[in-house]
Amino acid sequence: MGTDRHRTPRFNVSVDQELWDAYGDVVGDGGRSDDLREYMTWRVEHPDEPLPGRFRGPVKKVRARRTGDE
(Lines give C-alpha, C1' and ligand atoms only; values in the text may rest on other atoms or scores of the structure.)
Protein backbone atom coordinates (compact mmCIF):
# COMPACT_ATOMS: atom_id res chain seq x y z
CA MET A 1 0.00 0.00 0.00
CA GLY A 2 2.21 2.78 -1.15
CA THR A 3 1.23 6.35 -1.84
CA ASP A 4 2.56 8.87 -4.29
CA ARG A 5 1.61 12.53 -4.27
CA HIS A 6 0.29 12.15 -7.84
CA ARG A 7 -1.64 8.95 -7.22
CA THR A 8 -4.34 7.75 -4.89
CA PRO A 9 -3.41 5.22 -2.20
CA ARG A 10 -3.60 1.54 -3.13
CA PHE A 11 -5.34 -1.08 -1.04
CA ASN A 12 -5.16 -4.84 -1.20
CA VAL A 13 -8.37 -6.81 -1.54
CA SER A 14 -8.66 -10.56 -1.04
CA VAL A 15 -10.72 -12.24 -3.74
CA ASP A 16 -10.83 -15.86 -4.88
CA GLN A 17 -8.98 -16.27 -8.18
CA GLU A 18 -12.05 -17.77 -9.87
CA LEU A 19 -14.17 -14.73 -8.93
CA TRP A 20 -11.38 -12.30 -9.92
CA ASP A 21 -11.08 -13.94 -13.35
CA ALA A 22 -14.86 -13.99 -13.90
CA TYR A 23 -15.05 -10.32 -12.85
CA GLY A 24 -12.31 -9.48 -15.36
CA ASP A 25 -14.36 -11.23 -18.06
CA VAL A 26 -17.30 -8.95 -17.25
CA VAL A 27 -15.53 -5.59 -16.90
CA GLY A 28 -12.29 -6.23 -18.80
CA ASP A 29 -8.91 -6.79 -17.19
CA GLY A 30 -8.23 -3.06 -16.94
CA GLY A 31 -11.75 -2.18 -15.82
CA ARG A 32 -11.79 -3.72 -12.37
CA SER A 33 -10.48 -0.65 -10.51
CA ASP A 34 -12.86 1.78 -12.22
CA ASP A 35 -15.83 -0.52 -11.68
CA LEU A 36 -15.00 -1.12 -8.02
CA ARG A 37 -14.51 2.63 -7.45
CA GLU A 38 -17.89 3.39 -9.03
CA TYR A 39 -19.58 0.69 -6.96
CA MET A 40 -17.98 1.95 -3.73
CA THR A 41 -19.08 5.52 -4.50
CA TRP A 42 -22.64 4.35 -5.14
CA ARG A 43 -22.62 2.22 -1.95
CA VAL A 44 -21.51 5.18 0.21
CA GLU A 45 -24.24 7.36 -1.32
CA HIS A 46 -26.91 4.63 -0.82
CA PRO A 47 -25.91 2.76 2.38
CA ASP A 48 -29.37 1.28 3.00
CA GLU A 49 -30.02 0.18 -0.59
CA PRO A 50 -29.95 -3.61 -0.87
CA LEU A 51 -27.98 -5.49 -3.46
CA PRO A 52 -30.25 -7.21 -6.00
CA GLY A 53 -31.87 -10.24 -4.38
CA ARG A 54 -30.73 -9.30 -0.86
CA PHE A 55 -32.23 -7.53 2.13
CA ARG A 56 -30.14 -4.87 3.78
CA GLY A 57 -31.36 -3.33 7.00
CA PRO A 58 -30.45 0.20 8.04
CA VAL A 59 -26.75 0.72 8.61
CA LYS A 60 -27.25 3.24 11.40
CA LYS A 61 -29.56 2.25 14.24
CA VAL A 62 -31.67 5.12 15.51
CA ARG A 63 -32.41 5.08 19.22
CA ALA A 64 -35.49 6.62 20.76
CA ARG A 65 -34.65 9.73 22.76
CA ARG A 66 -35.26 9.76 26.47
CA THR A 67 -37.71 12.41 27.56
CA GLY A 68 -36.40 12.69 31.11
CA ASP A 69 -39.83 11.76 32.55
CA GLU A 70 -38.84 8.13 32.90
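So, a few notes on the structure that sits alongside this text. Here the residue numbering is sequential within each chain, running from 1 through the sequence in written order. Two thresholds apply to this predicted model, a pLDDT of at least 70 for residue-level local features and 80 or more for giving and counting side-chain atom pairs, whereas whole-chain, interface and lining totals are computed over all residues. Processing note: side-chain calculations cover all non-hydrogen atoms of the structure and skip hydrogens and water entirely.

**A closer look at a nonpolar patch on the surface**
Then step 1. Residues qualify for a patch when their relative accessible area is over 30% and they have no salt bridge, like charges being joined within 9 Å and the nonpolar side chains of Val, Leu, Ile, Met, Phe, Trp and Tyr within 5 Å. Only the protein chains shown count as cover for residues, and all accessible areas are computed by the Shrake-Rupley method using a 1.4 Å probe. We count a salt bridge whenever a side-chain nitrogen from Lys or Arg sits within 4 Å of a carboxyl oxygen from Asp or Glu. Side chains of Val13, Val15, Leu19, Trp20, Leu36, Tyr39, Met40 and Trp42 sit close together on the surface and give an oily, nonpolar patch of about 740 Å² of accessible area.
Then step 2. What counts as a helix is a DSSP run of H or I of at least four residues, what counts as a strand is a run of E of at least two, and both are numbered from the N terminus. For the nonpolar patch, the secondary-structure elements that each account for two or more residues are helix H1 (17-27) and helix H2 (32-45).
Then step 3. When residues of the nonpolar patch are assigned to their parent elements, the largest contribution, four residues, is made by H2.
Then step 4. Inspection of the secondary structure assignment puts Val15 in the segment before H1.
Then step 5. For Val15, a relative accessible area of 33% corresponds to the partly exposed category. Classification of residues uses two cut-offs on accessible area relative to the type maximum, computed with a 1.4 Å probe and protein chains only: under 20% is buried, over 50% is exposed, and between them is partly exposed.

**Digging into the packing of H1 against H2**
Then step 1. A fitted line through C-alpha atoms represents every axis, and for helices the fit uses only the stretch in contact; the resulting angles, taken between N-to-C directions, go from 0 to 180 degrees. Running from amino to carboxyl end, H1 crosses H2 at an angle of 90°, the nearest separation of the two axes being 9 Å. With respect to H2, the axis of H1 lies roughly perpendicular. Along the contact surface, H1 presents Trp20, Asp21, Tyr23, Gly24 and Val27, while H2 presents Arg32, Asp35 and Leu36.
Then step 2. Classifying every residue of the contact of H1 with H2 gives four nonpolar, one polar and three charged. Each angle receives one of four descriptions, namely roughly parallel if under 35 degrees, roughly antiparallel if over 145, roughly perpendicular if within 65 to 115, and oblique otherwise. Contacts are assigned to residue pairs with any non-hydrogen atoms lying within 4.5 Å of each other. Residues are sorted three ways: Asp, Glu, Lys and Arg are charged, Ala, Val, Leu, Ile, Met, Phe, Trp, Tyr, Cys and Pro are nonpolar, and all the rest, Gly among them, are polar.

**Considerations on a negative patch on the surface**
Then step 1. Residues Asp16, Glu18, Asp21 and Asp25 make up a contiguous surface patch of negative charge.
Then step 2. Structurally, Glu18 is set in helix H1.
Then step 3. Among the residues examined, Glu18 registers a relative accessible area of 68% and is labelled exposed. Residues counted as positive are Lys and Arg, residues counted as negative are Asp and Glu, and His and the chain ends are not counted. Taken as the charge centre is NZ of Lys, CZ of Arg, CG of Asp or CD of Glu, depending on the residue.

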